[in-house]
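Notes for the structure review
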Amino acid sequence: MDLNNILGVVLAGGKSQRFGQNKTQVKLKNQLLIDYILKEIVDEFKEILIIANEPIKFIKSKNISTIKDYKNGLGPLGGVLTAMKWIKENDKNYKWISTFPSDTHIKKKKELKYFYENIKISESKLFFIKSKGTRHNIFGLWSLDLLDKLETDLENGERKVEVWANSIGVSTVNIDYKKPDPFFNINTKEDLEKAIKIMGHDQ
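Residues numbered from 1 in each chain as written. Predicted model: local features only at pLDDT ≥ 70, side-chain atom pairs only at ≥ 80, totals over all residues. Heavy atoms only, no water.

1. Overview of the overall build of the protein chain
When helices and strands are tallied, the protein chain shows 6 helices and 9 strands. Here the C-alpha radius of gyration of the protein chain, 16 Å, is about what a compact globule of 203 residues would show, namely 17 Å. Dimensions of the protein chain, computed from the C-alpha atoms along their principal axes, are close to 45 × 35 × 35 Å. Across the 203 residues in the protein chain, those meeting the buried criterion constitute 52%. Intrachain contacts of the protein chain at a sequence separation of at least 6 include 69% that bridge at least 24 residues. Mean positive and mean negative side-chain charge positions of the protein chain (34 and 27 charges, respectively) differ by 4 Å. (Helix = DSSP H or I, 4+ residues; strand = E, 2+ residues; numbered from the N terminus. Rg over C-alpha atoms; globule rule 2.2 N^0.38 Å. Buried < 20%, exposed > 50% of the residue type's maximum accessible area, 1.4 Å probe, protein only. Contact = heavy atoms within 4.5 Å. Lys, Arg positive; Asp, Glu negative; His and termini not counted. Charge placed at Lys NZ, Arg CZ, Asp CG, Glu CD.)

As structure tokens, then:
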């Protein structure tokens, strides 16, 4: 799949309620948590858009931009729609957006490459990574053709990625891995402690 047709999008607009502070700004081994995913993807896409509703720090790059959610309180689906609207409003040529969480720290370039290489775009307008029986709804590839449907459903009250994806139809790419889990994400202080222990071993 041609990554030039894809806008990379990091969803960092959440309130981090379970963590107790903005987890994207937490330092893990002297590096901001959000920078782990950015360093994985910054050289893969022509442009990366961070959706964040407050000022945050991150690695500097000429191809990274930040914007706020177009409307508060819509969750990850709102972030997806925000990115799609940004493409349209700025006359960008992207046909897809690829979404990433801002709270994951384990290297995953190999797995992401496998994801894009095994997508059959004729099968669906939405693709998620699946590993060991778990579907990772934020590691997704979304067609711009979904914009109108997504906007309508958000206006009608839909908030859950899982439910919305199932309602429109979603394909998955199964990715096997050896420990540690490359899709492990940090939601709580306990998860942060696990991440620190993971980093004590070779990735």
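The rest of the description comes next.
2. Considerations on the sheet that holds strand β8 (residues 134–143)
Taken in spatial order, the 7 strands make up an open sheet running β5-β4-β1-β6-β8-β7-β9, and their pairing is mixed. If you trace the sheet from one side to the other, it starts and ends with β5 (64–67) and β9 (171–174), each paired once. Direction aside, neighbouring strands of the sheet carry axes that sit 30° apart on average. (Pairing = 2+ DSSP bridges. Axes fitted to C-alpha atoms, helices over the stretch in contact; angles between N-to-C directions.)

3. Some remarks on the packing of aromatic side chains
Going through the model one piece at a time under the given rule, you end up with 8 aromatic pairs. Ring geometry for Phe 128 and Trp 142: centres 5.6 Å apart, planes at 70°, overall edge-to-face. Within this pair, whereas Phe 128 is found in strand β7 (residues 126–131), its partner Trp 142 is found in strand β8, the two being separated by 14 residues in sequence. Grouping residues by exposure puts Phe 128 and Trp 142 together as buried. When the ring of Trp 142 is compared with that of Trp 164, the centres are 6.1 Å apart and the planes differ by 20°; the resulting orientation is stacked. Of this pair, Trp 142 sits in strand β8 while Trp 164 sits in helix α5 (residues 161–168), and the two are 22 residues apart along the sequence. Clustering of aromatic rings is evident, with ring pairs tying together Phe 45, Phe 100, Phe 115, Tyr 116, Phe 139 and Phe 183. The aromatic ring of Phe 19 is capped on one face by Lys 189, whose charged end is 5.1 Å from the ring centroid. (Phe/Tyr/Trp six-rings, centres within 6.5 Å; stacked < 30°, edge-to-face > 60°. Lys NZ or Arg CZ within 6 Å of the ring centre and 35° of its normal.)

4. Details of the pattern of salt bridges
The final tally for this structure, using the stated rule, is 6 salt bridges. For Asp 103, the salt bridge is made with Lys 23, and the minimal N-O distance between the two is 2.8 Å. Taken as a pair, Asp 103 in the loop between β6 (96–101) and α3 (109–117) and Lys 23 in the loop between β1 (6–11) and β2 (27–28) lie far apart in primary sequence, 80 residues in all. Classification of Lys 23 by relative accessible area gives buried; the value is 10%. Among the ionic pairs, Asp 153 bridges to Lys 149, the shortest N-O distance being 3.3 Å. Here Lys 149 and Asp 153 lie together in helix α4 (residues 147–155), a separation of 4 residues that amounts to about one turn. The partly exposed category is assigned to Lys 149, whose relative accessible area is 43%. (Salt bridge = Lys/Arg side-chain N within 4 Å of Asp/Glu carboxyl O.)

5. Remarks on the environment of Lys 149
Counting along the chain gives 25 residues from Lys 149 to Ser 124, while the straight-line C-alpha distance between them is 15 Å. Other than its neighbours up to four places away in sequence, Lys 149 contacts Trp 164 and Ile 168.

6. What about the layout of surface pockets?
Counted as a void, the largest pocket has a volume near 1100 Å³. Lining the largest pocket are 36 residues, and of these Gly 14, Lys 23, Pro 76, Asp 103 and Asn 187 lie nearest its centre. Of all the secondary-structure elements, those providing two or more residues to the lining of the largest pocket are α2 (75–89) and β8. Sort the elements by how many residues they give to the lining of the largest pocket and β8 lands first, with 4 residues. (1 Å grid on protein atoms, 1.4 Å probe; cavity = no way out; pocket = protein on both sides within 12 Å on 5 of 7 lines; lining within 4 Å. Points joined across faces, edges and corners; volume = space filled by probe spheres on them.)

7. A word on α5
Among the residues making up α5, those that are buried are Val 161, Trp 164 and Ala 165. Taken around the axis of α5, the buried residues stretch over an arc of 100°, which confines them to a single face. Where α5 terminates, the next one or two residues include Gly 169, which has phi positive at roughly 100°. (Arc of directions from axis to C-beta.)

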